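Spelled out, the chains give:
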Amino acid sequence: MILARLPRPQLLLRALQRSSQQPLERVLQRRALHSVPPLTNFGSEFEKHGIPGLLSPNGFKTAWTEYQQLVIRQLNDKVAGTTLEDGLVRNVVVQTAREPLFAATFNYASMAFNNHFFFQNIADKETPIPTELAESLTTTFSSLDIFQAEFLATADAMFGPGFVWLVWHRQPDAFNKGSWKILPTYLAGSPLSDAHWRQQPVDMNTQNADSIGGLSGADHARQSQVQNTVGVMGQYSNLRKRAPGGADVTPVLCVNTWEHVWVPDWGVAGKRAFLEAWWQRINWNEVRAFVPEDALGTNRRPAYPRS
């Protein structure tokens, strides 16, 4: 008589463990997906009352709550089940900036990062610029009035949606070790140094005179360069590489010029008024937290030496 062999208790236990672990793994996987970050400044008050003098409650709901939920949801649809589904949104921006096949993923990730950066630096009332930051800005722009005028003029002149950034351009061998720059990025372009493949500082800059075979200038430059690395020294060493034209910059402030942010409250002709109102709601203490220490030297000299 042949008896059916019973499974070992250990095998049954392992099977039960696998069946019980699978739902937990799925739950953990869902939790690892990206979510809308809370605004740590005045987020709860803005949801109730809007941003005083800038956005109504409905305007804030459209520009932050609903739009941020939209781009995060679309981002999660793109990255679910991949190595990009957890970690920082910033990392997704950097990792997808160079790959045309991941253009949609980059757009959603970069918009989520940029929009959060914009709203995080807003206060419910006017705040003064910290003295050390004001002195540093004056070193580059000669005066705070000139800085404000140049920044708002740049944002107002953007013919199309995007963001305008204040960035610290680090140049260790240059005068004062660096300077402040005003950087526009169209659509979902990124100010991050490692994502300058998709900085998009000029409108409609996907083609230029150097493009061949339908490639953008950045793709042409990338495909014309050696991509692998060898060793730790020399031209082809495994050193950190930026995109062609990429600079070592640190973003500290931005304004969102997408129409859905300002048109509902300010009307189609109200962009300039919106920008001036936004300037009065910048949380300069929050901006200061992003400023690198090398931009705040105590003995900084004017950007242009005077004879």
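Throughout, a residue's number is its position along its own chain's written sequence, starting from 1. Per-residue local features are limited, in this predicted model, to residues with pLDDT of at least 70; the limit for side-chain atom pairs, both in listing and counting, is 80 or more; totals at the level of whole chains, interfaces and linings are taken over all residues. Computation of side-chain values covers all heavy atoms of the structure but excludes hydrogens and water.

Engineer: Looking at this structure, how should I read the overall build of the protein?
Structural biologist: Here a strand is any run of E in DSSP of at least two residues, a helix any run of H or I of at least four, and the numbering for each starts at the N terminus. In terms of regular secondary structure, the protein is built from eleven helices and three strands. Written out in order from the N terminus, the α and β elements of the protein read α-α-α-α-α-α-α-β-β-α-β-α-α-α. For the exposure calls, accessible area comes from a 1.4 Å probe over protein chains only, and a residue counts as buried if that area is under 20% of its type's maximum, exposed if over 50%, partly exposed in between. A burial count over the protein gives 40% of its 307 residues as buried. Contacts are assigned to residue pairs with any non-hydrogen atoms lying within 4.5 Å of each other. Here the analysis covers contacts within the protein between residues at least 6 apart in sequence; of these, 69% occur between residues at least 24 apart.

Engineer: When you look at the pattern of salt bridges in this model, what are you seeing that I'm missing?
Structural biologist: Note that side chains of opposite charge can pair when their charged atoms are close. The salt bridge criterion pairs a side-chain nitrogen of Lys or Arg with a carboxyl oxygen of Asp or Glu, the two atoms within 4 Å. Per the stated rule, a full pass over the model turns up six salt bridges. With its nearest N and O atoms 3.1 Å apart, the salt bridge here joins E276 to R272. Residue E276 and its partner R272 are located together in helix α10 (residues 271-279), separated by four residues, close to a single helical turn. In this structure R272 comes out as partly exposed when scored by relative accessible area, which is 33%. Between R288 and E293 there is a salt bridge; the shortest N-O distance is 3.4 Å. Judged by relative accessible area, R288 falls into the buried class, the value being 16%. If you follow the salt bridges from partner to partner, you end up with E132, R288 and E293 in one network.

Engineer: Which parts of the structure should I look at to understand the packing of helix α9 (residues 259-266) against α10?
Structural biologist: The relative placement of two packed helices comes down to the angle between their axes together with the axis-to-axis distance. Put simply, α9 and α10 touch, their axes get as near as 9 Å, and they point 100° apart. Comparing their axes, α10 and α9 come out roughly perpendicular. Across the interface between the two elements, V261, W262 and W266 of α9 pack against K271, A273, F274 and A277 of α10. Residues are grouped as follows: Ala, Val, Leu, Ile, Met, Phe, Trp, Tyr, Cys and Pro are nonpolar; Asp, Glu, Lys and Arg are charged; all remaining types, including Gly, are polar. Within the contact of α9 with α10, the residues separate by chemical class into six nonpolar, no polar and one charged. Here an axis means a line fitted to C-alpha atoms, over the contact stretch when the element is a helix, while the angle between two N-to-C directions is reported on a 0 to 180 degree scale. Between 65 and 115 degrees an angle is taken as roughly perpendicular, under 35 as roughly parallel, over 145 as roughly antiparallel, and anywhere else as oblique.

Engineer: Hey, could you run me through the packing of aromatic side chains in this one?
Structural biologist: The geometry of an aromatic ring pair comes down to the distance between the two centres and the angle between the two planes. Within 6.5 Å between ring centres, the rings of Phe, Tyr and Trp (the latter by its six-membered ring) count as paired, and their orientation is classed by plane angle as stacked under 30 degrees, edge-to-face over 60, tilted in between. Tallied over the entire structure, the rule returns 17 aromatic pairs. Taking 5.5 Å as the distance between ring centres and 55° as the angle between the ring planes, the aromatic pair formed by W64 and F119 counts as tilted. Of this pair, W64 sits in helix α3 (residues 57-79) while F119 sits in helix α5 (residues 103-120), and the two are 55 residues apart along the sequence. Here W64 and F119 have matching classes, each one buried. Taken together, the aromatic side chains of F141, F147, F151, W278, W279 and W284 make up a single cluster linked through ring pairs.

Engineer: Can you walk me through the sheet that holds strand β2 (residues 178-186) in this structure?
Structural biologist: Each strand in a sheet pairs with its neighbour through backbone hydrogen bonds, running either in the same direction (parallel) or in the opposite one (antiparallel). In spatial order, the strands read β2-β1-β3; together these three strands make up an open sheet with antiparallel pairing. The sheet is open, and its two edges are formed by β2 and β3 (249-256), each paired on a single side. Averaged over all pairs of adjacent strands, the angle between their axes in this sheet comes to 25°, without regard to strand direction. Strands qualify as paired when DSSP identifies two bridges or more between them. In the sheet, strand β1 (residues 162-170) pairs with β3 via seven bridges, with the strands oriented antiparallel. Opposite F163, over in β3, you have N256 as the bridge partner. Strands β1 and β3 of the sheet are contacted by α5, whose axis makes an angle of about 75° with β3. Against the sheet, helix α6 (residues 131-141) engages β1 and β2, with an angle of about 80° to β2.

Engineer: What is the right way to look at the packing of α3 against α9 in this model?
Structural biologist: At a minimum axis separation of 8 Å, α3 and α9 run at an interaxial angle of 160°. Classed by the angle they form, the pair α3 and α9 counts as roughly antiparallel. In the crossing of α3 with α9, the sense of the turn from one axis to the other is right-handed. Within the contact between the two elements, α3 uses G59, T62, A63 and Y67 and α9 uses H260, V261 and D265. Each helix crossing is assigned a hand: it is left-handed if the near helix lies turned anticlockwise from the far helix by less than a right angle, otherwise right-handed if that turn is clockwise.

Engineer: Just to check I follow, could you spell out the nonpolar core for this structure?
Structural biologist: One recurring pattern in soluble globular proteins is that nonpolar side chains are buried together. Core analysis: the largest hydrophobic core is formed by 66 residues, its most contacted members being F118, F119, L166, W180, V255, F274 and W278. Apart from the residues lying within four places of it in its own chain, the contact partners of F274 are L54, L55, F118, V255, N256, V261, W262 and W266. Here, the term nonpolar core denotes a set of buried Ala, Val, Leu, Ile, Met, Phe, Trp, Tyr and Cys residues that are joined through side-chain atoms within 4.5 Å.

Engineer: Can you help me understand unusual backbone geometry in this one?
Structural biologist: Both trends apply: most residues other than glycine have a negative phi, and most peptide bonds are in trans. The backbone of S142 sits at a positive phi, close to 80°, despite the residue not being glycine. For S142, the position within the fold is in the loop between α6 and α7 (144-157). Relative accessible area serves as the criterion here: at 53%, S142 is assigned to the exposed category. Phi at L187 is positive, roughly 55°, even though this residue is not glycine. Relative to the assigned elements, L187 resides in the loop between β2 and α8 (217-223). Exposure remark for L187: the relative accessible area of 42% places this residue in the partly exposed category.

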